[in-house]
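Remarks on the overall topology
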Amino acid sequence: MDRGTAEGALLIELGGRTIEYRFARRRRRTLGITIDAAGLRVAAPLRAPWREIEAFLRDKERWILRKLEEWARTPRGPILRGESGELLPLFGAPYILEVGKGRRGVEQGAASIVVSAPQRSRPLDVLVAWLKQQALEALRPRVASYSAQLGLPAPRVALSNARTQWGVCTEHGAIRLSWRLVHLEPVLADYVVAHEVAHLVELNHSRRYWALLAHLYPGWRAARERLELAARTLPILRGRR
């Protein structure tokens with residue numbers, strides 16, 4: 001299979017090590033790297049030459065190896081199965097889950113989140129659907145607010161299921177945000193929103209882009225570091241069948 005069109009698991013030599021990574025082409029303008037507990041993932045524009053992709057990875061060699069080592073030493077977040085007594089972070093605050101049978105619904109209390117699910121439904125499915133709704137309701141206004149600061153109309157906003165790729169700005173001017181931002185305190189979610197909104201003007205990571213981001217979110221460097229740390233402690237929602 002031609003490397004230039006291949007998708008799936010590939011190998012590259014970095015720092016004397018053979019690194020396996022997941023590769024995919026997307027409708028985007030820039031190369032992107034994601035590193036988390038699952039390893040290295042690379043996303044490339046549809047027509048990006050393979051030599052540019054490989055050169056990009058080698059240019060980021062030290063950073064990639066350092067991040068892979070950090071993840072190798074980092075314990076994963078707790079696995080939540082949608083059961084009473086589990087602790088769930090919502091907008092940066094901890095809530096205790098209370099789960100029972102009944103009409104499908106979720107109620108947020110002062111310190112608890114009460115989940116009701118019909119007999120044949122999984123409580124975790126009900127909870128995740130509610131979390132996605134909360135995420136969209138919280139993030140859409142923030143996208144509109146940051147866009148307005150740049151004199152832009154509010155773009156279309158959708159949610160993704162990504163665990164660590166918090167946001168994507170497409171070449172068509174739409175923004176996708178991970179619904180898992182709902183776990184984080186709003187100031188960190190705002191950083192992700194500002195990051196993607198800045199891409200509406202500069203769909204790259206040039207100096208002009210970083211200057212624009214600094215205008216929208218002056219403390220972006222500190223927020224990015226805090227986000228990386230917070231991401232490692234977020235729960236993994238995995239219900240029982």
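So, here's what we can say about the structure. (Residues numbered from 1 in each chain as written. Predicted model: local features only at pLDDT ≥ 70, side-chain atom pairs only at ≥ 80, totals over all residues. Heavy atoms only, no water.)

On to the nonpolar core, then. In this structure, Ile 113, Leu 127, Leu 131 and Leu 177 are the most contacted members of the largest nonpolar core, which totals 49 residues. It is helix 3 (residues 123–149) that provides the largest number of residues to this core, a total of 10 residues. Core analysis: the next-biggest nonpolar cluster, separate from the first, contains 20 residues, Tyr 21, Ile 35, Leu 40 and Trp 50 among them. (Core = buried A, V, L, I, M, F, W, Y, C linked by side-chain atoms within 4.5 Å. Buried < 20%, exposed > 50% of the residue type's maximum accessible area, 1.4 Å probe, protein only. Helix = DSSP H or I, 4+ residues; strand = E, 2+ residues; numbered from the N terminus.)

Right, let's get into the environment of Gly 173. Position of Gly 173 relative to the elements: it lies in the loop between strand 11 (167–169) and strand 12 (175–178). Exposure remark for Gly 173: the relative accessible area of 26% places this residue in the partly exposed category. As a C-alpha pair, Gly 173 and Pro 45 span 128 residues in sequence and 15 Å in three-dimensional space. Every residue in contact with Gly 173, bar those within four places of it in the chain, is listed here: Pro 155, Arg 156 and Leu 200. (Contact = heavy atoms within 4.5 Å.)

Right, let's get into the packing of helix 4 (residues 186–198) against helix 6 (residues 220–231). Packed helices, taken two at a time, are described by their axes: the angle between them and the distance between them. Direction vectors running N to C along helix 4 and helix 6 enclose 115 degrees, while the axes themselves pass 9 Å from each other. In this view, helix 4 runs roughly perpendicular relative to helix 6, as classed from their interaxial angle. When you trace helix 4 past helix 6, the crossing you get is left-handed. Contacts between helix 4 and helix 6 involve Val 187, Leu 188, Tyr 191 and Val 192 on the former and, on the latter, Trp 220, Ala 223, Arg 224, Arg 226, Leu 227 and Ala 230. Taken together, the residues of the contact of helix 4 with helix 6 sort by class into eight nonpolar, no polar and two charged. (Axes fitted to C-alpha atoms, helices over the stretch in contact; angles between N-to-C directions. Parallel < 35°, antiparallel > 145°, perpendicular 65-115°, else oblique. Left-handed = near helix turned anticlockwise from the far one by under 90°. Nonpolar A, V, L, I, M, F, W, Y, C, P; charged D, E, K, R; others polar.)

What follows deals with the sheet that holds strand 7 (residues 93–101). If you trace the four strands from one edge of the open sheet to the other, you get 6-7-9-8, paired in mixed fashion. Edge strands, defined here as strands with exactly one partner in the open sheet, are strand 6 (87–90) and strand 8 (105–108). Ignoring which end each strand starts from, the neighbouring axes of this sheet average 30 degrees apart. Pairing analysis gives six bridges linking strand 7 to strand 9 (residues 112–117), with the strands arranged parallel. Directly across from Glu 98, in strand 9, lies its bridge partner Val 114. Sitting on the sheet, helix 3 touches strand 6, strand 7, strand 8 and strand 9, and the angle it makes with strand 9 is about 125 degrees. (Pairing = 2+ DSSP bridges.)

We now examine the environment of Ala 231. Mapped onto the fold, Ala 231 is located in helix 6. Sequence spacing of Ala 231 and Gln 119 is 112 residues, and the spatial spacing of their C-alpha atoms is 33 Å.

Okay, the packing of aromatic side chains next. Taken as a whole, this structure holds four aromatic pairs when the rule is applied. Centroid distance Phe 23 to Trp 50: 5.0 Å. Interplanar angle 80 degrees. Geometry classified as edge-to-face. Taken together, the residues span a long stretch of sequence, with Phe 23 in strand 2 (residues 17–26) and Trp 50 in helix 1 (residues 50–59) at a distance of 27 residues. Note on Phe 23: relative accessible area 2%, which makes it buried. Measuring from ring centre to ring centre gives 5.9 Å for Tyr 191 and Tyr 217, while their planes differ by 70 degrees; the resulting arrangement is edge-to-face. Here Tyr 191, found in helix 4, pairs with Tyr 217, found in the loop between helix 5 (207–216) and helix 6; they are 26 residues apart in sequence, far enough to count as distant. The class of Tyr 191 is buried, set by a relative accessible area of 5%. Three or more aromatic residues link up through ring pairs in this structure, and these residues are Tyr 209, Trp 210 and Trp 220. (Phe/Tyr/Trp six-rings, centres within 6.5 Å; stacked < 30°, edge-to-face > 60°.)

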